[in-house]
Amino acid sequence: MPQAARETLSGDPLPKAEQDKPMQNDETQHVVLGRLTSPHGVKGWLKVYSYTSPAQGIFDYPVWVLSMQGQRQSRRLLDARPQGKSLVVRLEGIDTRELAEQWAGAEVSIEKTALPELDSGEYYWHQLEELEVKTCDGVKLGRVDHLFETGANDVLVVKPSEGSLDDRERLLPFLPDDVIVQVDLAGRFMIVDWDPAF
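Residues numbered from 1 in each chain as written. Predicted model: local features only at pLDDT ≥ 70, side-chain atom pairs only at ≥ 80, totals over all residues. Heavy atoms only, no water.

Visitor: Account for the overall build of the protein chain, with residues named and values stated.
Guide: In terms of regular secondary structure, the protein chain is built from three helices and 12 strands. Classification of the 198 residues of the protein chain by burial places 37% in the buried group. In the protein chain, the share of contacts with a sequence separation of at least 24, taken over all contacts with a separation of at least 6, comes to 53%. With an accessible surface of roughly 11200 Å², the protein chain has 49% of that area assigned to carbon and sulfur atoms. (Helix = DSSP H or I, 4+ residues; strand = E, 2+ residues; numbered from the N terminus. Buried < 20%, exposed > 50% of the residue type's maximum accessible area, 1.4 Å probe, protein only. Contact = heavy atoms within 4.5 Å. Areas by Shrake-Rupley, 256 points an atom, 1.4 Å probe, with all protein chains shown as cover.)

Visitor: So, a nonpolar patch on the surface: which residues are in play, and what are the values?
Guide: Nonpolar side chains collect at one region of the surface, where V32, Y49 and Y51 lie side by side and expose about 290 Å² of accessible area between them. Along the chain, V32 turns up in strand β1 (residues 30-40). (Patch = residues over 30% accessible without salt bridge, like charges linked within 9 Å, V, L, I, M, F, W, Y side chains within 5 Å. Salt bridge = Lys/Arg side-chain N within 4 Å of Asp/Glu carboxyl O.)

Visitor: Could you give an account of the pairing of strand β12 (residues 189-192), naming the residues involved and the relevant values?
Guide: Residues of β12 alternate between two faces, with F189 and I191 on one and M190 and V192 on the opposite face, all of them buried. Pairing geometry for strand β7 (residues 132-135) and β12, over four bridges, is parallel. Directly across from E132, in β12, lies its bridge partner F189. Of the pairings in the sheet, the one linking strand β11 (residues 180-184) to β12 comprises four bridges and is antiparallel in character. Note on β12: the bridge partner recorded for I180 is V192. (Pairing = 2+ DSSP bridges.)

Visitor: A description of the sheet that holds strand β4 (residues 71-83) should follow, citing residues and the corresponding values.
Guide: Strand order in the closed barrel formed by six strands is β1-β2-β5-β4-β3-β6, with antiparallel pairing between adjacent strands. Across the sheet, the mean angle from the axis of one strand to that of its neighbour is 50°, orientation sign disregarded. As paired elements, β1 and strand β6 (residues 107-111) share five bridges and run antiparallel to each other. Within β6, the position partnered with V31 by the bridge is I110. (Axes fitted to C-alpha atoms, helices over the stretch in contact; angles between N-to-C directions.)

Visitor: I'd love a proper account of the pattern of salt bridges, names of residues and values included.
Guide: A full pass over the atoms with the stated rule returns six salt bridges. Where E101 meets R97, a salt bridge forms, and the shortest distance between an N and an O atom there is 3.5 Å. Of this pair, E101 and R97 are both found in helix α2 (residues 97-103), four residues apart, which corresponds to roughly one turn of the helix. The class for E101 is partly exposed, based on a relative accessible area of 43%. In this structure R97 comes out as partly exposed when scored by relative accessible area, which is 31%. Between E169 and K159 there is a salt bridge whose closest N-O contact spans 3.7 Å. With E169 in the loop between β9 (154-159) and β10 (170-173) and K159 in strand β9, this residue pair connects regions lying 10 residues apart in the sequence.

Visitor: Any chance you could break down the environment of V183 for me, citing the residues and the numbers?
Guide: Among the secondary structure elements, V183 is positioned in strand β11. According to the relative accessible area criterion, V183 is buried, its value standing at 17%. With 55 residues separating them along the chain, V183 and L128 place their C-alpha atoms 8.4 Å apart. Once residues within four sequence positions are removed from consideration, V183 is found in contact with Y123, L128, L131, F189 and M190.

Visitor: Explain unusual backbone geometry residue by residue, including any values.
Guide: Residue P54 is reached from S53 by a cis peptide bond, and omega for that bond is 0°. If you trace the backbone, P54 turns up in the loop between β2 (45-50) and β3 (63-68). Not every positive phi belongs to a glycine, and Q69 is a case in point at roughly 50°. Accessibility expressed as a relative area gives 76% for Q69, which makes it exposed. Even without being a glycine, D177 presents a positive backbone phi close to 70°. As for its position among the elements, D177 is in the loop between β10 and β11.

Visitor: Can you break down the confidence of the model for the protein chain residue by residue, with the values?
Guide: Scored by pLDDT, the protein chain has a mean of 85; 86% of the residues are at 70 or more. In this model, residues 1-25 is a region of pLDDT below 50 whose contacts with residues beyond four sequence positions or in other chains number 53 contacts. (pLDDT = per-residue confidence, 0-100.)

This is the structure we're talking about:
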């Protein structure tokens, strides 16, 4: 069982000693899904800001890895619901407002292996980050720094890197078969149909 899951095979609650044990700090094995923002009520509930789309998609993952001040700890999601315009959660081992206050600000992540497999030609954003971006003619534009959503399509933010054509940051629409010609995750690059002058 992956280390981030840290639950018993029977599904029983984690022993307290296991729950509070710091987890290996390996950023490359986790993907951030959101963050805990503030306590909600007096029974340990926390407000959560979700980066998933839809926002309630964060509730689909039963075990969360909380990261705060260089430490990672696994917590099972016990209950979750929308609360007005916010989302609130109750996590295993956090049952008082005081404990919830200690976790306010923590990042919520899961092990990448917990993500569902995608169909061919579909990618998670974290898979595209840091890929080298080259044109069909082999001109290196830089590396994917991050992505963001627009109403029409996702956008790649390509920042210059060693050996790139120039020092310009470029915004490329993520349009498979139009702009995105090839994505090679194993080779860590993508080929785009893009005029380097833009």
